[in-house]
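# An overview of the molecular structure
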Amino acid sequence: MQITKEEFKKELEQKLDSQFAVDVEHASLGELYSALSNVLRDGYAPNWRETRIKEAHEGKKQVYYFSIEFLPGTLLRSNLLNLGWMDTVKSALKDLGLNLDDIAAKEPDMALGNGGLGRLAAAFMDSLASTGYVGNGNGIRYKYGLFKQKFVNGYQVELPNDWLQKHNHWEVMRDNKSVLVHFGGQVNLVQKDNWMTPEYNGGYSIKAVPYDIPVVGYHTGIVNTMRLWDAEIPESEEINYPTIDDRRKVEDLTSILYPDDSSYSGRLLRLKQEYFFVSAGLQSILRYYTKDLKQNDMHNLPKYVAVHINDTHPAMAVAELMRLLVDEYHIDWDEAWKITVQVMSYTNHTIMAEAMEKWDINMMTQLLPRIMQIITEIDRRYVISLTGKVAESVINDTRIVNNGNVQMAHLAIIGSHSVNGVAPLHTHLLETEVLKEFYELYPERFNNKTNGITLRRWLQIANPKLSKLLDQTVGRDWRTDSAKMLLLQDSYKNAKVLKQINEIKLENKEKLAKFIKKTTGITVDPTAIFDVQIKRLHAYKRQTLKLLHIIKLYHDLKNGIDHPKRVVIFGAKAAPSYTYAKDVIKVINEVANVINNDASIHGKLKVIFLENYDVTLAEKIIPAADVSEQISTTTKEASGTSNMKLMANGALTVATMDGANVDIAKAVGQDNIFIFGLNKDQVYDYYNKHDYKPRDMYNSDQVMKETVDALIDGSFSKAANEGRVLYDSFLQENEEFLVLADFESYLQAQKKIEENWHDQRSWAQKALVNIAHSEEFNADNTVARYAKDIWGLKKLN
Ligand code: 26Q
């Protein structure tokens with residue numbers, strides 16, 4: 001539905017009046033946000049209803065993306081953009097003396113995810129709707145999102161993120177679509193109606209209540225649904241929960257998002273969460289299939305339904321679908337298994353052993369007795385099917401139940417028809433190293449789907465100026481057909497365009513500099529190199545390597561060796577229990593303190609660690625970045641996605657040949673990226689031969705020694721203990737992340753960056769090539785590949 005400026009103004013006034021009894025002039029920004037979002041809801045509501053009707057009518061296959069995390073950020077501006085209202089509303093607000101950005105700032109960030117995995121899930125939702133597919137999200141409506149990060153004396157402090165406090169304006173609670181999820185008790189199988197039927201003794205049910213969030217497609221008229229589940233006490237069982245404390249125990253189920261990124265912790269509540277949203281999601285799918293689509297043959301399920309398992313967290317979907325088919329719909333085991341494998345597909349997001357989920361058998365038996373029975377049976381049949389055909393060691397390494405644990409990745413792989421990695425290198429490592437034995441068993445299941453990003457958010461919303469420049473140079477079509485962005489290369493020698501690229505970057509940097517001043521009190525020079533590393537704090541991502549570079553620059557400046565002005569900007573949360581990561585934050589903050597207050601270096605180097613990195617902050621930082629730090633230990637970063645966002649905004653990447661950096665390098669060519677460090681074979685050589693001796697490197701390299709020694713020689717005395725922790729970690733024999741091994745090569749890459757910076761015209765040319773080729777990482781195309789190769793979807797008419 002389109003809207004004129006005058007219509008919009010009238011609607012806004014009406015909403016302000018009916019909701020708050022105020023007029024535009026007296027409305028607060030919060031009231032304006034609320035009214036504006038309500039006008040928008042009215043705008044897309046008909047599309048949402050019609051999409052549902054169309055879906056049922058056309059009966060096309062739908063994907064259900066099961067993810068324990070969704071990280072959409074804020075939705076006001078993206079809904080405005082996708083509905084086609086952005087320009088009208090911006091200009092109407094301007095007429096009224098208002099500014100959209102100020103109003104949009106009132107929206108709480110939906111931080112229902114840790115990082116890349118959750119953000120990818122949100123991007124896929126947007127892309128499905130924007131390219132014309134029916135796709136549904138299935139997840140958890142956490143009462144508290146990822147913690148808010150503050151720094152106190154340089155230390156990270158975590159505060160609850162009460163994002164729902166001010167009401168979520170987009171969600172719709174659908175009580176009538178609630179389902180019950182059963183936990184605990186005991187199960188006996190009894191013969192009934194010629195069928196082995198489970199008889200439950202004890203245990204308890206929790207009511208899963210769905211909250212639907214609309215996913216507005218870009219100019220498609222399609223509005224899909226992201227369904228997030230909340231836990232309540234079933235009305236019939238209220239008597240069993242007489243105290244407030246009892247009630248709270250139930251509500252706790254969806255209370256918090258676990259803040260561990262890329263690491264596994266076997267907590268009971270986490271297991272409960274996983275089963276809760278998986279069971280609720282599958283029950284609601286089957287209800288839709290039978291009631292709305294009026295299907296009664298479960299054998300046709302794979303023609304209508306694809307369930308995607310985003311990492312192992314929803315892997316119990318395999319067992320739960322088996323339970324529903326066998327116990328509730330009385331399908332023979334073998335038939336049910338065929339259906340399940342055809343319906344399920346799985347994405348792996350990591351090769352790191354510490355991130356591989358496994359659950360204790362006793363824990364699972366107590367919480368989910370029937371699911372444990374089913375997993376045991378899947379495992380038993382798996383073992384039988386391979387006995388005598390492959391080596392016993394292969395069976396032992398790949399079976400689901402082993403050493404008292406349930407291996408969730410094994411369950412996901414064995415129960416899915418597709419297993420994909422998220423960048424070519426990552427998929428290759430899965431096939432040849434981490435999941436080698438599975439690859440040999442099921443080569444046809446393995447495939448790669450390189451990650452992507454929502455260019456709409458990272459260009460159109462976050463960087464309107466650069467978007468306009470693209471309009472002027474390649475025409476507006478790039479907004480729907482990103483391949484058109486490649487035409488920007490025709491302007492490679494266009495002095496005017498190159499100048500504009502630099503001007504836009506400078507304006508964005510000025511804006512960020514103001515934000516930095518306001519939030520930290522520190523003055524930074526917008527003409528300096530803005531050198532950005534934004535991602536979760538993790539040893540493998542090597543914020544430490546950046547830190548060593550900073551110390552080296554500082555030493556140089558103190559010794560009269562000149563460098564171009566540089567502002568290093570970090571954004572990173574550490575998992576609360578990850579002490580090493582927290583130590584890194586403390587050291588960076590104290591190093592920053594010393595450097596930022598040392599008048600002798602004349603402000604040539606500034607180090608800014610911005611608090612509370614989230615999607616909203618990313619939208620401020622990314623358009624202002626000159627340099628993108630993608631410096632993980634090669635083989636450890638499955639893909640990375642901040643690398644793609646920064647590239648799209650014209651930052652030049654300094655990178656190891658890891659994850660999707662490899663593909664970025666291929667896309668832009670060696671001249672437009674700064675590659676350094678060990679390659680994958682060299683890394684695996686160290687790992688296999690166990691002969692990495694960082695202390696020898698340290699002893700024979702004076703510069704390295706001086707740099708590393710600064711961590712313990714009193715230079716940064718407020719982080720003496722934490723500095724020692726880092727120092728010891730770098731020098732440990734066979735140190736896993738190979739920080740010192742890449743130090744020299746990293747300095748070389750940084751030197752090249754400085755040399756290139758002096759030629760601003762050629763810098764702009766490199767930026768231009770990066771912007772143009774970022775279209776390769778458009779999530780719309782990623783989703784199209786999933787839809788075709790894995791899910792078998794057709795677009796809505
Ligand atoms: C598991 C168990 C208990 C608690 C928490 C977790 C948990 C939570 C989050 C485990 C892993 C995650 C997140 C992982 C993640 O974000 N991985 C990233 O996925 C991106 C999208 O594919 C990739 O680009 C990144 O390379 C990868 O690190």
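Residues numbered from 1 in each chain as written. Predicted model: local features only at pLDDT ≥ 70, side-chain atom pairs only at ≥ 80, totals over all residues.

Identification of the protein as Alpha-1,4 glucan phosphorylase from Lactobacillus helveticus CIRM-BIA 953 is taken from an unreviewed UniProt entry. Among the UniProt annotations of the protein, the heading Subcellular location (unreviewed entry) holds the following wording: "Cytoplasm". Entered under Sequence similarities (unreviewed entry) in the UniProt record, the comment concerning the protein runs "Belongs to the glycogen phosphorylase family." (UniProt positions renumbered as here; feature names shortened; annotations may be inferred.)

Take helix H3 (residues 76-83) next. Burial analysis of H3 places 8 of its 8 residues in the buried class, the great majority of the element. Among all positions of H3, only Leu76, Arg77, Ser78, Asn79, Leu80, Leu81, Asn82 and Leu83 are buried. For H3, the secondary structure elements touched by its buried residues are helix H2 (29-58), helix H4 (86-95), helix H5 (100-104), helix H6 (116-131), strand E11 (204-216) and helix H18 (455-461). Backbone geometry just after H3 places Gly84 at a positive phi near 85°. (Buried ≥ 20, exposed ≤ 12 C-beta atoms within 10 Å, placed from the backbone. Helix = DSSP H or I, 4+ residues; strand = E, 2+ residues; numbered from the N terminus. Contact = placed C-beta atoms within 7 Å.)

Grouped together as the largest cluster of nonpolar side chains are 234 residues, with contacts concentrated most on Phe276, Ala317, Val318, Ile375, Val591 and Ile608. Aside from chain neighbours lying at most four places away, what touches Ile608 is Ile516, Thr520, Ile522, Val524, Val567, Val568, Ile569 and Ala592. (Core = buried A, V, L, I, M, F, W, Y, C linked by C-beta atoms within 7 Å.)

Close reading of the predicted structure is inappropriate where its pLDDT is low. For the protein, per-residue confidence averages 97 on the pLDDT scale, and 100% of positions sit at 70 or higher. Predicted as a complex, the structure gets a pTM of 0.98 and an ipTM equal to 0.96. (pLDDT = per-residue confidence, 0-100.)

Around the ligand, the surrounding shell holds 24 residues, and the nearest of these are Gly116, Leu117, Tyr258, Ala638 and Ser639. Tallying contributions element by element places H6 first for the shell around the ligand, with 3 residues. Residue composition of the shell around the ligand, by class: 7 nonpolar, 12 polar and 5 charged. Formed jointly, the shell around the ligand draws a minimum of three residues from each of two domains, domain 2 (64-72 + 115-448 + 782-791) and domain 3 (455-776). (Near = placed C-beta within 6 Å. Nonpolar A, V, L, I, M, F, W, Y, C, P; charged D, E, K, R; others polar. Domains from an automatic or database assignment.)

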